[in-house]
Each structure stands twice: as structure tokens, then as C-alpha cells.
Amino acid sequence: MKLYSVPLSPFAARVRLSIYRKGLDIEIVPPPAGGIKSDAYLALNPTGQIPTLVLDSGFGLPESATILEYLEDAFPTPSLRPIDPLDLARARLFLRLPDFHILPSVFTLRAMRDPAKRDREVMKTQFEALDRGLSYIDRYLSGDPWAVGDRASIADCAIVPVINVVNLIVSNFGQPDLIGRHKKLDAYWQAAKTDEIHAKVIAEQVAALART
Ligand SMILES: N[C@@H](CCC(=O)N[C@@H](CS)C(=O)NCC(=O)O)C(=O)O
């Protein structure tokens, strides 16, 4: 199996976290020559997005949340899927809430990383939206050190790379810290970033941003 991934992408990073945490023998590779809109890549993943998990059969599986669930089913141990139904529902919320309420603002702001392309009104609206999205995450966190329950889960895979990219955007725009405004989220992040596997993915994202 192999995973098409780029280091900074929070969608790809959540799958890498699962692969590292579960110790899976999955090759992590950059997009093929020609990129993610090439015919070769589109044949694997018609959305033309990163990540794609390519199974040994050659089947290309898109969508990070679906890939995480597939890895849980295909490689059940160690499990990153909470057992209690409500814990599992909360873990899945941590996949959906960032996708709808945080990452769209991250991508809008990232498109304005060149100071010459910045629009103050758009920036204000998007940083407010980010703060609101983070408050949703804060609300459903267990506390620290894990997002749901008392062990690592797909919830941590989902939110650690997201919190990291929010911090990177905030610092890139010279804005005040957003994570520290949310008590449970701040405590979670302080603990989560000291975990060795989280730290590996955080460092991959930071290094990728430094190269762009
Ligand atoms: N819903 C998808 C989103 C994937 C996504 O948007 N990936 C970005 C990288 S961060 C991408 O490939 N962007 C290029 C594009 O959309 O053309 C998932 O969860 O995998």
C-alpha cells in the first residue's frame, strides 16, 4: 500500500498520524510526476486531491476521513477507534468540524500569504471564523492529553494537524494566539504536542511551510 501525501496538508497529515501511531507498513510518497491533476493521478482519485491511499490491488481510496476509517477496519490493532458510541461520535465530530468550520478559513487566509494580496476585511472575517471553529473543538474535547477518552484515537489524528496549521497561519499573519483563548483546547494542545508521534507530524508540517 502507499499513501500519496504532501507534508503540510492537514488532510494528509491526519492519515500519516494514523499510519505512524498504528505502525503500518505503508509507503508515504509525494504526488506522481505530473501532479495531482495528471491523468495518472485522476485515474486513482477523480477529485484530484491529496491524500489518496492506494491499496495493493491498485484501488485508489480518496478522502482522509474515509481513509482513517478504512485503516481502522483493515488494521484493527492498535485501535484508534473509540468503543463507546458517544465517544466514537465525538471523534467523528473532530473530523467534520475542522473540515466545515476551520479549514475553509485556513485556505482562504493561506491564499493571502503574500502581504500584497491581503484584504483587511476578509482577514478580519476569516480570523473570527477560525476562532469560532476552534470554540466548537474546545466544546467537545475531553480535556488533556487525548481528544476523546483516555487514549490516542482518530480524533487526535484529525485535530493535531489542524491546530498546528492554525498556529502557523496566525504566526504568518502576525496575529495574536488563537488557541490560548480556548481553555480546554489550550490544555489539550500543550499536552498533545509533547507526544512523540504528534511532534513528528507537527515538525513535518513546520518544515514544509518553511520550504514554501
Ligand atoms: N475532503 C478531502 C480534502 C482534501 C484536500 O482538499 N486536499 C488539498 C491539500 S490540503 C488538495 O489536494 N488541494 C488541491 C485541490 O483541491 O486542487 C479530504 O479530506 O481528503
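To continue, consider the overall build of the chain. A tally of regular secondary structure across the chain gives nine helices and four strands. When the elements of the chain are put in sequence order from the N terminus, they spell out β-α-β-α-β-β-α-α-α-α-α-α-α. A compact globule built from 212 residues should have a C-alpha radius of gyration of about 17 Å, and the chain, at 17 Å, falls within 12% of that. Each of the three principal axes of the chain carries a C-alpha extent, and together these read 50 × 45 × 25 Å.

We now examine the domain arrangement of the chain. As assigned here, the chain comprises domain 1 (2-74) and domain 2 (85-211). The distance between the C-alpha centroids of domain 1 and domain 2 comes to 21 Å. On the domain 2 side, the residues contacting the 16 residues of domain 1 number 27 residues. Buried area between domain 1 and domain 2, both sides added, is near 1800 Å², and the carbon and sulfur share of it is 71%.

As for its position among the elements, Ser-153 is in the loop between helix H6 (120-140) and helix H7 (154-172). Overall, the relative accessible area of 3% leaves Ser-153 in the buried class. In this structure, Ser-153 is in contact with Leu-80, Pro-82 and Val-148, ignoring residues within four places of it in sequence.

Let us look at the side chain of Glu-72. Inspection of the secondary structure puts Glu-72 in helix H3 (residues 64-74). Its relative accessible area of 4% is what places Glu-72 among the buried residues. Side-chain polar atoms of Glu-72 contact the backbone nitrogen of Leu-80, separated by 2.7 Å. In contact with Glu-72, not counting residues within four places along its chain, are Lys-22, Pro-78, Ser-79, Leu-80, Arg-81 and Ile-154.

Take helix H5 (residues 103-110) next. Those residues of H5 that sit buried are Leu-103, Ser-105, Val-106, Leu-109 and Arg-110. The buried residues of H5 all sit within an arc of 155° when viewed along its axis, so they share a single face. Residues of H5 that are buried sit in contact with helix H1 (10-22), helix H4 (85-101), H6, H7 and helix H9 (196-211).

Conventions used here
- Residues numbered from 1 in each chain as written.
- Predicted model: local features only at pLDDT ≥ 70, side-chain atom pairs only at ≥ 80, totals over all residues.
- Heavy atoms only, no water.
- Helix = DSSP H or I, 4+ residues; strand = E, 2+ residues; numbered from the N terminus.
- Rg over C-alpha atoms; globule rule 2.2 N^0.38 Å.
- Domains from an automatic or database assignment.
- Contact = heavy atoms within 4.5 Å.
- Buried area = accessible area lost by both parts, 1.4 Å probe.
- Buried < 20%, exposed > 50% of the residue type's maximum accessible area, 1.4 Å probe, protein only.
- Polar contact = N/O pair within 3.5 Å; in protein donor to acceptor, adjacent residues only side chain to side chain.
- Arc of directions from axis to C-beta.

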